[in-house]
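# Residue-level structure breakdown
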Amino acid sequence: MTPHSQHSLSRRKFLKTTTLAVSPLVLSATVLGRDGVAPGNRITLGGIGINSRGGYVLKRMLAQPDVQFLAVCDIRADRRNAVKEQVDTLYGNNDCSTYRDFRELLERKDMDAVLIATGDHWHTHAAIHAARAGKDVYCEKPCAITIDLCRKLAETMKRYGTVFQGGTQRRSLGNFRLASDLARSGKLGKIHTVHASIYYLQCRYDWYPAQPLPDREEIDWDLWLGPSPWRPYNKDYVMGAWRGHYDFDSGAKHHDWGAHTVDLCQWALDADGDGPTRYWAEGDTMYAMYKNGVKLVMRPDGWLGLGTCPVRFEGDEGWVETGDSGRILVSPDSLRKELVQDFSLYGKMDNLSHGEDPYPHVRNFFDCVKTRRQPVCNANVICSSHLVCHASALSWILKRELTFDPVKAEFTDDEANRMRTRQWREPWSV
């Protein structure tokens with residue numbers, strides 16, 4: 001029996017079954033627990049690396065009545081204490097535990113799942129450790145900073161039966177779902193081009209000036225670096241200024257928006273498990289071509305002003321574009337009736353005004369923790385869409401067109417193949 005098989009036969013599941021077997025019973029509020037949810041029906045949660053984005057996701061997780069947050073781990077004492085205060089204030093107690101080393105948090109047998117919102121260079125390694133410990137995983141994007149880690153992530157989640165949700169939450173938001181469904185439905189005609197918003201690309205190899213190393217209990221620099229190459233301490237890294245630095249980044253900052261928008265293009269094309277086979281750059285725009293002739297355009301500008309993270313799907317008979325504002329534009333005008341006719345399937349318009357809101361995405365994750373079904377952005381979905389970003393970023397870095405096999409995750413270019421992985425510091429090899 002795998003660790004996760006044992007985990008699925010948890011006290012929570014046992015109590016749920018026995019409660020149903022002896023019903024009807026009138027249970028007191030004390031027995032039912034927080035918000036009327038019996039303790040055995042709650043999902044117990046821990047957090048690893050909870051700062052700005054992680055704090056926003058955690059807030060939405062704490063709003064779920066069937067979730068109980070037990071502990072936080074962070075290499076920064078100020079972040080550990082801030083999350084503990086937030087959780088203890090919500091629950092009216094002093095029970096939230098704190099850890100500096102995530103391995104100690106994962107040893108807890110009373111924890112069902114973890115939220116991982118560390119820096120990008122830690123995501124895969126922490127997720128794999130969590131899966132091996134029998135925990136389900138909600139992981140912020142990018143979930144893997146190399147092609148090799150993408151595949152190891154998917155393989156590990158399958159091996160341990162882990163429920164894994166990548167933090168590309170726009171697959172759970174109504175306007176993006178509707179736009180993708182329009183593309184798949186054939187109502188735009190045959191799709192020939194899909195467009196994904198990306199940042200202006202950047203790849204840095206320089207180091208910040210060395211600063212005095214802080215006390216380990218205040219900031220554990222060795223644990224912050226984790227699997228990445230050693231370099232002198234500078235507080236700017238810890239405070240978030242690591243983005244764009246190759247050692248800590250997925251490559252050229254491509255995944256910052258691309259992890260979301262390329263994923264939506266993959267979804268619109270029913271290309272999960274597949275991907276483009278050719279990649280090239282023209283200025284600040286990246287291009288890729290699928291084997292069926294569909295072109296993927298990854299560009300930082302030229303959008304219609306529908307909010308951040310826009311996508312556009314173009315077919316022979318029309319197009320649709322949407323973004324984080326929740327608004328959708330279509331052409332021809334005859335397609336407008338699809339927005340009115342079908343929008344009831346996707347939620348009210350006033351719930352679609354914030355594309356960064358993870359609320360429905362975390363709910364999908366927790367529902368899947370209970371049912372053991374695959375979430376909308378499971379590890380296989382994440383692997384496919386991340387591979388597209390990695391392949392296009394390497395084309396930009398190497399300044400030449402690349403040919404890629406999306407199933408084998410191999411290039412025809414020897415140098416690009418060598419860049420599919422990196423050397424990790426011990427003991428963090430996975």
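Shown above is the structure to which this text applies.
Residues numbered from 1 in each chain as written. Predicted model: local features only at pLDDT ≥ 70, side-chain atom pairs only at ≥ 80, totals over all residues. Heavy atoms only, no water.

## Focus: the side chain of K141
Residue position: K141 is located in the loop between β5 (136-139) and α8 (147-160). For K141, the side chain forms a polar contact with the main-chain oxygen of D256, separated by 2.5 Å. Other than its neighbours up to four places away in sequence, K141 contacts D120, H123, G167, T168, H255, D256, A259 and H260. (Helix = DSSP H or I, 4+ residues; strand = E, 2+ residues; numbered from the N terminus. Polar contact = N/O pair within 3.5 Å; in protein donor to acceptor, adjacent residues only side chain to side chain. Contact = heavy atoms within 4.5 Å.)

## Notes on the packing of α8 against helix α15 (residues 379-398)
Close contact between α8 and α15 brings their axes to 9 Å; oriented N to C, the two are set at 175 degrees. Classified by the angle their axes make, α8 and α15 are roughly antiparallel. Facing I147, C150, R151, L153, A154 and M157 of α8, the residues of α15 in contact are A379, N380, C383, H386, L387, H390 and L394. (Axes fitted to C-alpha atoms, helices over the stretch in contact; angles between N-to-C directions. Parallel < 35°, antiparallel > 145°, perpendicular 65-115°, else oblique.)

## A look at the nonpolar core
Taken as a class, soluble globular proteins show a tendency for nonpolar side chains to be buried jointly. L105, F164, W224, L296 and F313 are the most contacted members of the largest nonpolar core, which totals 95 residues. By residue number, the principal contributor to this core is α15, which donates 11 residues. When residues no more than four places from it in sequence are discounted, the contact partners of F313 are A179, S180, A183, L188, T193, V194, L264, C265, A268, G318, W319 and V320. Within the second largest apolar cluster, 24 residues are counted, among which are I43, I50, Y91 and A113. (Core = buried A, V, L, I, M, F, W, Y, C linked by side-chain atoms within 4.5 Å. Buried < 20%, exposed > 50% of the residue type's maximum accessible area, 1.4 Å probe, protein only.)

## Here's the deal with the sheet that holds strand β9 (residues 285-289)
What the nine strands build is an open sheet, ordered β13-β12-β11-β7-β10-β9-β8-β14-β15; its pairing is mixed. What marks the edges here is a single partner per strand, and that holds for β13 (328-331) and β15 (410-411). Sheet strands in contact with α15 are β8 (278-282), β9, β10 (295-299), β14 (402-405) and β15, and its direction is about 50 degrees off that of β8. (Pairing = 2+ DSSP bridges.)

## A look at the packing of aromatic side chains
Enumeration according to the criterion identifies 17 aromatic pairs in this entry. An angle of 25 degrees between the planes, with centres 5.9 Å apart, marks the rings of W221 and Y237 as stacked. Placement of W221 in helix α10 (residues 221-225) and of Y237 in helix α11 (residues 235-241) is noted, with a sequence separation of 16 residues between them. On the accessibility criterion, Y237 (0% relative accessible area) is buried. Between W280 and Y287 the ring centres are 5.7 Å apart and the planes differ by 15 degrees, which places this aromatic pair in the stacked class. Residues W280 and Y287 agree in their burial class; the two are buried. By the ring-pair criterion, three or more aromatic residues cluster together here, those being Y208, W221, W224, Y233, Y237 and F248. Positioned over the ring face of W303 is R299, at 3.7 Å from the centre of the ring. (Phe/Tyr/Trp six-rings, centres within 6.5 Å; stacked < 30°, edge-to-face > 60°. Lys NZ or Arg CZ within 6 Å of the ring centre and 35° of its normal.)

## Some points on α15
Here α15 is 20 residues long and its end C-alpha atoms lie 28 Å apart, about the 28 Å a rise of 1.5 Å per residue gives. Most of α15 is tucked away, with 18 of its 20 residues classed as buried. Two or three places before N380, at the opening of α15, N378 has a side-chain oxygen 3.0 Å from that residue's backbone nitrogen. K399 sits one or two positions beyond α15 and adopts a positive phi of about 60 degrees. (Expected span 1.5 Å × (residues − 1).)

## Some remarks on the sheet that holds β5
In space, the six strands of this open sheet follow the order β3-β2-β1-β4-β5-β6, with parallel pairing throughout. With partners counted over all chains shown, the strands left at the sheet margins are β3 (97-99) and β6 (164-166), one partner each. Between one strand axis and the next, the sheet turns through 20 degrees on average, direction left out of account. Direction of pairing for strand β1 (residues 43-48) relative to strand β2 (residues 67-73): parallel, over a ladder of six bridges. Residue pairing in the sheet places G46 in a bridge with A71 of β2.

## Side note on the pairing of strand β11 (residues 311-315)
Extensive coverage of β11 is indicated by the burial of five of its five residues. Burial along β11 is two-sided: the face carrying V311, F313 and G315 and the face carrying R312 and E314 are both buried. Summarising the sheet, strand β7 (residues 191-197) and β11 pair through five bridges and their orientation is antiparallel. The partner of T193 across the bridge, within β11, is E314. Two elements, β11 and strand β12 (residues 318-322), share five bridges in a ladder whose sense is antiparallel.

## Description of the pattern of salt bridges
Scanning the model with the defined rule gives 32 salt bridges in all. R363 serves as the salt-bridge partner of D66, at 2.9 Å between the closest nitrogen and oxygen. Remark: R363 occurs in helix α14 (residues 359-371) and D66 occurs in the loop between α4 (52-62) and β2; sequence separation between them is 297 residues. In this structure R363 comes out as buried when scored by relative accessible area, which is 18%. Counted as one network, the salt bridges with shared partners bring together D66, R363, D367 and K370. (Salt bridge = Lys/Arg side-chain N within 4 Å of Asp/Glu carboxyl O.)

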